[in-house]
Amino acid sequence: MRDLLAGWGYSDYHAGRLWSYLYRQQVSDLAEMTELRPELGQRLAAETCLGSLATQREIQSGDGYTRKFLLELPDGQAIETVLMAFHGRATVCVSTQAGCAMGCVFCATGQMGFQRHLTPGEIVAQVLHVTRLLSLSSHKFPQFPGNSRNSKELEGQAISGGLLRNNLHQSAPSASHSLRNVVLMGMGEPLHNFEATRAAVQILTDDSGLAIAPRFITLSTVGLVPAIYRLADEGWPVRLAVSLHAATDEERAALVPIARKWPLSELMAACRYYVEKRQRRIFFEWALIAGQNDTPEQAHALGRLLHGLDAHVNLIPLNLTAGYEGRPSDPAAVRRFQSILAEYNLPSTVRQRRGLDIDAGCGQLRHGLTATDEQRISG
Ligand code: SAH
Ligand code: SF4
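Residues numbered from 1 in each chain as written. Chains lettered and ligands numbered in written order. Predicted model: local features only at pLDDT ≥ 70, side-chain atom pairs only at ≥ 80, totals over all residues. Heavy atoms only, no water.

A. Highlighting the overall build of the protein. Counting its regular elements, the protein contains 14 helices and twelve strands. Across the 379 residues of the protein, 56% fall into the buried class. Sequence-distant contacts in the protein: of pairs separated by 6 or more residues, those separated by 24 or more amount to 70%. When the accessible surface of the protein is totalled, it reaches about 16,200 Å², and 49% of it is carbon and sulfur. (Helix = DSSP H or I, 4+ residues; strand = E, 2+ residues; numbered from the N terminus. Buried < 20%, exposed > 50% of the residue type's maximum accessible area, 1.4 Å probe, protein only. Contact = heavy atoms within 4.5 Å. Areas by Shrake-Rupley, 256 points an atom, 1.4 Å probe, with all protein chains shown as cover.)

Encoded structure:
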């Protein structure tokens with residue numbers, strides 16, 4: 001932005017004002033940027049575009065904690081963004097690609113294939129979409145259900161596709177929900193879209209803009225080995241989560257095709273490098289699939305695989321998708337899996353199963369569209 005404005009003869013001061021309007025005040029209309037010089041405003045209006053994403057569909061979970069948006073990109077592609085709020089804190093799950101090229105068999109996004117990378121602006125615009133909603137309309141955001149039937153049901157459940165922590169308590173309604181967490185866990189593989197994801201993280205964390213604390217940004221990757229080394233070397237300040245799903249090569253390759261390219265020995269070497277270089281804990285995602293990767297053998301193999309590593313495992317009972325017949329693990333299998341990990345002193349969390357009634361699992365909203373809807377999206 002500085003470069004663009006410098007090319008037009010404006011100093012950094014003007015770029016700073018524009019930046020602040022966009023990311024601090026989150027103004028979505030150039031006409032509202034009254035402190036910009038009028039001729040600058042006119043030129044921006046003529047030569048640039050203030051991207052905001054149109055909402056194609058919006059749905060809300062019955063429990064009121066989750067809102068899911070199908071947002072339309074300028075070329076008609078549709079991506080998913082999910083807003084989750086409880087305890088007065090909000091988390092947004094954003095997409096980094098339209099579709100995904102990695103083809104994980106249990107994933108709705110993987111099943112739809114790859115359409116294209118998102119630009120940094122399109123990644124950040126998803127965050128702005130929810131911060132604007134949060135600041136405009138806390139009264140419109142569903143009030144927490146308190147003692148309602150739904151919240152009771154939720155508390156007892158095990159987990160999935162949800163990106164939420166395992167600490168839901170009955171919560172009093174909160175007047176305002178500020179966005180704290182950004183998770184790069186929507187559609188797409190962030191490290192396959194490396195440069196745009198990096199630029200988006202830089203924008204999100206910029207102190208004079210949205211100022212999201214880097215420790216509250218989580219990047220989840222299927223495990224692109226060279227990219228993990230790169231982000232360790234470049235010192236990205238975000239939390240890293242690696243989607244493991246199996247602790248032996250053959251089982252992993254059956255779920256995550258990319259595992260054929262980088263076997264576990266190479267992936268784990270990259271993860272160990274990251275932890276040593278960054279001096280940070282690393283997180284592993286594990287979608288629990290009944291009878292597949294929830295066995296005691298896999299739990300022991302995982303315990304051995306992560307031995308000595310500063311690691312935390314997030315267990316996510318599988319979300320059902322149209323293109324995969326696996327089933328989520330039952331609660332007893334989840335508990336058994338967790339207790340075996342505990343024998344290896346490996347901390348783990350079982351994720352809340354929330355938003356399932358609105359297809360909150362990755363890629364599921366778009367996947368669930370009718371043919372007519374799909375035609376409309378592709379323009
Ligand atoms: N591409 C990245 C981030 C997006 S997917 C990655 O794979 O890590 C975010 C998380 O959702 C990943 O851990 C992924 O394995 C998981 N996931 C995808 N489909 C799922 C499903 N049907 N049930 C449970 N978890 C799923
Ligand atoms: Fe892509 Fe992640 Fe889905 Fe795999 S799980 S297909 S990497 S979005």
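Following the structure, the description resumes.
B. Broad picture of the site of ligand 1. Surveying the vicinity of ligand 1 reveals 17 residues, the closest of which are Gly188, Ser220, Ser243, His245 and Asn319. Measuring from an oxygen atom of ligand 1, one finds a side-chain N or O atom of serine 220 at 2.6 Å. One nitrogen or oxygen atom from the main chain of asparagine 319 is found 2.9 Å from a nitrogen atom belonging to ligand 1. Relative to its free-state accessible area of 520 Å², ligand 1 is covered by the protein chains to the extent of 95%. (Near = heavy atom within 4 Å. Polar contact = N/O pair within 3.5 Å; in protein donor to acceptor, adjacent residues only side chain to side chain.)

C. Spatial organisation of the nonpolar core. In this structure, Ile282, Phe284, Leu302 and Leu306 are the most contacted members of the largest nonpolar core, which totals 102 residues. Each residue touching phenylalanine 284, except ones within four places of it in the same chain, is listed here: Val242, Leu244, Met268, Cys271, Leu306, Leu309, Ala311, His312, Val313 and Asn314. Within the second largest apolar cluster, seven residues are counted, among which are Met84, Cys93, Val183 and Phe283. (Core = buried A, V, L, I, M, F, W, Y, C linked by side-chain atoms within 4.5 Å.)

D. Representation of the sheet that holds strand β1 (residues 54–60) within the structure. As summarised here, the arrangement of the ten strands in space is β1-β2-β3-β4-β7-β8-β9-β10-β11-β12, forming an open sheet in which the pairing is mixed. Looking at which strands have only one partner, the edges of the open sheet turn out to be β1 and β12 (348–350). When strand polarity is set aside, the average angle formed by the axes of neighbouring strands in this sheet is 25°. Alignment of strand β9 (residues 239–243) against strand β10 (residues 282–288), held across three bridges, turns out to be parallel. In the sheet register, serine 243 faces β10, and the bridge partner there is glutamate 285. (Pairing = 2+ DSSP bridges. Axes fitted to C-alpha atoms, helices over the stretch in contact; angles between N-to-C directions.)

E. Focus on the site of ligand 2. Close contacts around ligand 2 come from Cys100, Met102, Gly103, Cys104, Cys107, Gly110, Gly188 and Val222, and that covers them all. Taken together, the residues that form the shell around ligand 2 break down as five nonpolar, three polar and no charged. (Nonpolar A, V, L, I, M, F, W, Y, C, P; charged D, E, K, R; others polar.)

F. Quick peek at the packing of helix α11 (residues 296–305) against helix α12 (residues 331–343). Where α11 contacts α12, the axes come no closer than 9 Å and their chain directions differ by 30°. Of the possible angle classes, the one that applies to α11 and α12 is roughly parallel. Between α11 and α12 lies a crossing of right-handed hand. On α12, the residues that touch Pro296, Gln298, Ala299, His300, Leu302 and Gly303 of α11 are Arg336, Phe337, Ile340, Leu341 and Glu343. A breakdown of the residues in the contact of α11 with α12 according to their chemical character gives six nonpolar, three polar and two charged. (Parallel < 35°, antiparallel > 145°, perpendicular 65-115°, else oblique. Left-handed = near helix turned anticlockwise from the far one by under 90°.)

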